[in-house]
Amino acid sequence: MEFPKVDEIYKLLSEKLETWVESAITILPNIVVAFLIAIVFGVLAKIIGNVVGKLMRRTFESRQIAGLLTSIIKTIIIVAGIFIALDFVGLKGTVTSLLAGAGIVGLAIGFAFQDMTENFIAGVAMGIRKPFDIGDVIEAEGVFGNVKEINLRNTLVETFYGQLEVIPNKILFRNILTNYSYLGYRRIEIPVGISYADDIETAASVITNAMNDKDYVIKKDETAVYAESFGDSSINLLLWFWIRYPGDPGFMFVRHDAINTVKTVLEENDILIPFPIRTLDFNAKGGDKLNAMLAKSENSTSDSECKHNSNKQSSAAERSHQDGNGGKASTVQE
């Protein structure tokens, strides 16, 4: 086996090293410029990040969302600087490979953590849209209470029963959400029934005037009582009025006081809130009532008794007459 000569190997290595050194010297200015570009983009990212961070903290209630958006912007600036620097050096293929690899990795992460990613994106979207803030009273998917904390993946709501509900952000983002604090007022509806003998307009007037005297009632010109339906025992009315919500006094106190006020004012004006009543009719057209049927039954019973007594008396008289005739006949025969 023959080995190559040492001088030939040395010559090949020397030529290769000379080529590398010449290439390095040639691209050295580009390398220096690339480093300067990366440094400039790093400083620029820090400056822009500080400015954007202050703006985000003023815009968003959640510091997590503000910090996340700031970090995303800083990362985009730094990555853009690195790609420009690599392209300036002449490593276009490296830039393309990095972009392709980042896309594949991002796609794989998206599929692996689909639920988490969906909640995360929903949290960012809600942070931008701001459908509710911390402290608002909201209702969604059977959860009703005050918002305590807004995270990137979920929202914490304290219910009025004293429980802390953790709601994934995608549920709040997809489904119907009611924000009771957004407008600052709320309408309360209270049903009440009055008897058929009372006047509807009189009842509506006294109830409306009594409710408008309350300090917690706002939009007093919209306070109204409407006839809703015919009930089994009453005319059903519906009281509407507006209050500040959330506010003081609270919803439960206001509703309690309103029901008490309606009952009191109806009693003062001699308007009856009837108990359930049942009227029994015994005719196909509803013309004969129970008392009339009882009276007819009593009259029929009396007539039957009278006829029965009369028949008994007639029978007794006939028997007496027959007995008398029989005795007389026997005397004649004798």
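Notes on the structure in this doc start here.

What counts and how
- Residues numbered from 1 in each chain as written.
- Predicted model: local features only at pLDDT ≥ 70, side-chain atom pairs only at ≥ 80, totals over all residues.
- Heavy atoms only, no water.
- Helix = DSSP H or I, 4+ residues; strand = E, 2+ residues; numbered from the N terminus.
- Buried < 20%, exposed > 50% of the residue type's maximum accessible area, 1.4 Å probe, protein only.
- Contact = heavy atoms within 4.5 Å.
- Pairing = 2+ DSSP bridges.
- Axes fitted to C-alpha atoms, helices over the stretch in contact; angles between N-to-C directions.
- Polar contact = N/O pair within 3.5 Å; in protein donor to acceptor, adjacent residues only side chain to side chain.
- Phe/Tyr/Trp six-rings, centres within 6.5 Å; stacked < 30°, edge-to-face > 60°.
- Expected span 1.5 Å × (residues − 1).

**Digging into the overall build of the protein**
- In terms of helices and strands, the protein carries eight helices and eight strands.
- With 334 residues in all, the protein has 27% of them scored as buried.
- For the protein, restricting intrachain contacts to residue pairs at least 6 apart in sequence, the fraction spanning at least 24 positions comes to 58%.

**Observations regarding the sheet that holds strand β8 (residues 235-244)**
- With antiparallel pairing, the three strands of this open sheet are ordered in space as β6-β8-β7. Of all the strands in the sheet, the pair left with one neighbour each is β6 (185-194) and β7 (224-230). Neighbouring strand axes in the sheet, compared pairwise and without regard to direction, differ in orientation by 25 degrees on average.
- Examined bridge by bridge, β7 and β8 share six bridges and lie antiparallel to one another. Each bridged residue has a counterpart across the sheet, and for Phe230 the counterpart in β8 is Ile235.
- Contacting β6, β7 and β8, helix α6 (residues 200-212) crosses the sheet at an angle of about 20 degrees to β8.

**Let's talk about the sheet that holds strand β5 (residues 178-179)**
- The antiparallel open sheet is built from five strands, whose spatial order is β4-β3-β2-β1-β5. The open sheet has two edge strands with one neighbour each: β4 (164-168) and β5.
- Strand direction decides the pairing type here: strand β1 (residues 137-140) and strand β2 (residues 143-150), joined by four bridges, are antiparallel. Note that in β2 the partner of Ile138 across the bridge is Gly145.

**Examining the side chain of Asn169**
- Structurally, the position occupied by Asn169 is in helix α5 (residues 169-174).
- Engagement of the side chain of Asn169 in a polar contact is seen with the backbone oxygen of Leu152, the distance being 3.0 Å.
- Contacts of Asn169, omitting those with residues within four sequence positions, involve Asn119, Ala122, Gly123, Met126, Asn151, Leu152, Arg153, Asn154 and Thr155.

**Digging into the packing of aromatic side chains**
- Inspection of every chain in the model, using the stated rule, returns eight aromatic pairs.
- An angle of 80 degrees between the planes, with centres 6.0 Å apart, marks the rings of Tyr180 and Tyr245 as edge-to-face. With Tyr180 in the loop between β5 and β6 and Tyr245 in the loop between β8 and α7 (251-268), the pair connects residues that are 65 residues apart, well separated along the chain.
- Owing to a relative accessible area of 19%, Tyr180 belongs among the buried residues under this scheme.
- Among the residues examined, Tyr245 registers a relative accessible area of 8% and is labelled buried.
- Their ring planes at 10 degrees and their centres at 6.4 Å tell us that Tyr196 and Phe230 sit as a pair that is stacked. With Tyr196 in the loop between β6 and α6 and Phe230 in strand β7, this pair connects stretches of sequence that are 34 residues apart.
- A residue is classified by how much of its surface remains accessible, and Tyr196, at 45% relative accessible area, is partly exposed.

**So, α6**
- With 13 residues, α6 ought to run about 18 Å at 1.5 Å a step, and its terminal C-alpha atoms sit 18 Å apart, in line with that.
- Inspection of α6 places Ala203, Ala204, Val206, Ile207, Thr208, Ala210 and Met211 among the buried residues, and these make up the whole buried set.
- At its buried positions, α6 is contacted by β6, β7, β8 and α7.
- Here α6 starts with a cap whose side-chain oxygen sits 3.3 Å from the backbone nitrogen of Glu201, and that cap is Asp199.

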